[in-house]
Every structure is written in structure tokens, then in C-alpha cells.
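# Topology and contacts: notes
One letter stands for each residue in the lines below.
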Amino acid sequence: MRHADTATTVAHPAGADPVEARLLEAASELVATRGTRGLSIAELARSASVSRPTVYRRWESADDVLRALVAHRMQRIITQVGPQAADRATLVDKVVRFGEAFHADPVLARLLEAEPEVFTRYSFQRIGRSQRVVLEWLAAAIAAGQAGGTVRAGSATDMAVMVLLVSQSAVLSHKTVTTVIDAGALRTELARTLDGYLRP
């Protein structure tokens, strides 16, 4: 039975692999309710009503599934916060809202609460697929802001990396730092930090 606060089925882009989409939805449900310990190839196949070879044709291990799942949930949040920003103020607002949506996502929030080492492994040891999804989104928005004159000159990719590092730190440290700063003040200070960094 699907719980109301776990993964929500969404429409998938034209051309997307419908079986992979079903597998990612099943993986979302498993992780949101049982954590990574519930995410095995066999359990995923059972939950999605497919054979294990069907899963193995897409991913070699449960770890590969988890990496794909985190990237998938990140892309969902990018879609949720709306069209690409074209100016600095909108970009800053979207980055801040991305962090809030991250904490509201049942899969990502479950991992951050119970298994934060997942993000340590995937976020700090190397740039993974989920971070590349966010970097591409940020770089495109920064370039658009530069074209409109609201973002300073510089490499959009390099600046995207720094925005990612700053916002990622705020997101992953949220529970810790909100013992000394309330969530509203943290949001305000993050926005000021990003705005100052991007301002011409």
C-alpha cells in the first residue's frame, strides 16, 4: 500500500524509458519507507513487478540504483521549482527553494535524516550524476543572468560549482545549524550570501 507521504507518481518526459521510470518510482517507495537496506535488486524487481534481469539491464548493483534515484529526485526538484531563472534575484530564490524542496522530498529527507553518510559518499568523494544535474541547471541560469547583466562576468561553470558548494553545505548541515539559527534566518542569510557572490 502506498503511503501518502512517500514517493508520488509523476508524468515522465516523452521518450523516457517507462520501465526505468517504474523502477525509480518503486525504488523511491522502498527508500522512503525502509531506507537503503530495503533497496536490493531482488526487492526492487518484486516491488516493480519485473524480473531481476530487467533491473540488471539498467543498473549493475543496488548502489547504482541509489545513485540513479538520487539524481532522479534532484531532477524532480529542479522541475518543481520551475523554469530556468534568467536573472540573479530569481536564481537566488530558486536555489533557496531547491533546498527547501530537498528537505520536503520524502526520499532525500529520509536519507538525510537516517543515513547522511549516503550524501557524504556521493557528494564529497566525487562529483556524481546528481550533482552534475544540479550543476548544469545552475550554469545555464548563471549564463542567462550574465546575458541580462544581473550576474557578474566569469565562467558560468566555475560559478555554478561555488553556488553548489555553498548551497549544498546549507542543505546538508540544516539540522545541525538550526540549533543555533532558526530556519527563516538561515534562508535569509543563504540568499544574501548567494546574491553577494553573483552580484556584478
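A brief structural summary. In this text, all values refer to a predicted model and were calculated from it rather than measured experimentally. Positions within a chain are numbered from 1, following the residues in the order the chain's sequence is written. Where local features are concerned, this predicted model is filtered to residues with pLDDT of at least 70; where side-chain atom pairs are given and counted, the filter is 80 or more; whole-chain, interface and lining totals use all residues. Derived side-chain values reflect all non-hydrogen atoms in the structure, with water molecules and hydrogen atoms excluded from consideration.

## Some details on a nonpolar patch on the surface
To keep it simple, the criterion reads: Patch membership requires more than 30% relative accessible area and the absence of a salt bridge. Residues of like charge join within 9 Å; the nonpolar side chains Val, Leu, Ile, Met, Phe, Trp and Tyr join within 5 Å. Each accessible area is a Shrake-Rupley estimate made with a 1.4 Å probe; only the visible protein chains count as cover when residues are assessed. Salt bridges, as used here, are contacts in which a Lys or Arg side-chain nitrogen is within 4 Å of a carboxyl oxygen on Asp or Glu. Labels follow the DSSP assignment, with helices taken as runs of H or I lasting at least four residues and strands as runs of E lasting at least two, numbered in each case from the N terminus. A simple rule labels every residue: compare its accessible area, found with a 1.4 Å probe on the protein chains alone, to the largest value its type can have, and call it buried under 20%, exposed over 50%, or partly exposed in between.
A cluster of nonpolar side chains, namely Val161, Met162 and Leu165, defines an oily patch on the protein surface of about 230 Å² accessible area. Topologically, Met162 is positioned in helix H9 (residues 156–172). Judged by relative accessible area, Met162 falls into the partly exposed class, the value being 36%.

## A few points about the packing of H9 against helix H11 (residues 183–198)
We count it as follows: Whenever a helix is involved, its axis is fitted only over the stretch in contact; in every case the axis is a line through C-alpha atoms, and angles between N-to-C directions fall within 0 to 180 degrees. Relative orientations are named as follows: roughly parallel for angles under 35 degrees, roughly antiparallel for angles over 145 degrees, roughly perpendicular for angles from 65 to 115 degrees, and oblique for any other angle. It only takes one pair of heavy atoms within 4.5 Å for two residues to be counted as in contact. Three categories are distinguished: nonpolar for Ala, Val, Leu, Ile, Met, Phe, Trp, Tyr, Cys and Pro, charged for Asp, Glu, Lys and Arg, and polar for the others, with Gly belonging to the last.
Running from N to C, H9 and H11 point in directions that differ by 170°, and their axes come no closer than 11 Å. Judged by the inter-axis angle, H9 sits roughly antiparallel to H11. Of the residues in H11, those touching H9 at Asp158, Met159, Met162, Val163, Val166, Ser167 and Ala170 are Leu190, Thr193, Leu194, Tyr197 and Leu198. Among the residues making up the contact of H9 with H11, the classes are represented as nine nonpolar, two polar and one charged.

## Regarding the layout of surface pockets
Stated formally: Detection works on a 1 Å grid of protein atoms alone, calling trapped sets that fit a 1.4 Å probe cavities and calling open sets with protein on both sides within 12 Å along at least five of seven lines pockets, with lining residues defined by an atom within 4 Å of a point. Grid points are joined across faces, edges and corners, and a volume is the space filled by probe spheres set on the points.
Considered as a void within the structure, the second largest pocket measures approximately 210 Å³ in volume. In terms of lining, the second largest pocket is formed by 14 residues, of which the most central are Val96, Gly99, Glu100, His174 and Leu186. Secondary-structure elements contributing two or more residues to the lining of the second largest pocket are helix H5 (88–104), H9 and H11.

## Some remarks on the packing of aromatic side chains
The criterion, for reference: Working definition: rings of Phe, Tyr and Trp (its six-membered ring) pair if their centres are within 6.5 Å, and the pair is stacked with planes under 30 degrees apart, edge-to-face with planes over 60 apart, and tilted otherwise. A ring has a charge above it when a Lys NZ or an Arg CZ is no more than 6 Å from the ring centre and no more than 35 degrees off the ring normal.
All told, the structure shown has two aromatic pairs when counted by the stated rule. Plain terms: the ring middles of Phe102 and Phe119 are 5.5 Å apart, the flat faces sit at 55° to each other, and that makes the pair tilted. Highlighted residues: Phe102 in helix H5 and Phe119 in helix H7 (residues 117–124), separated in sequence by 17 residues. The buried category is assigned to Phe102, whose relative accessible area is 3%. Its guanidinium or amino end placed over the ring of Tyr197, Arg152 lies 4.7 Å from that ring's centre, counting from NZ or CZ.

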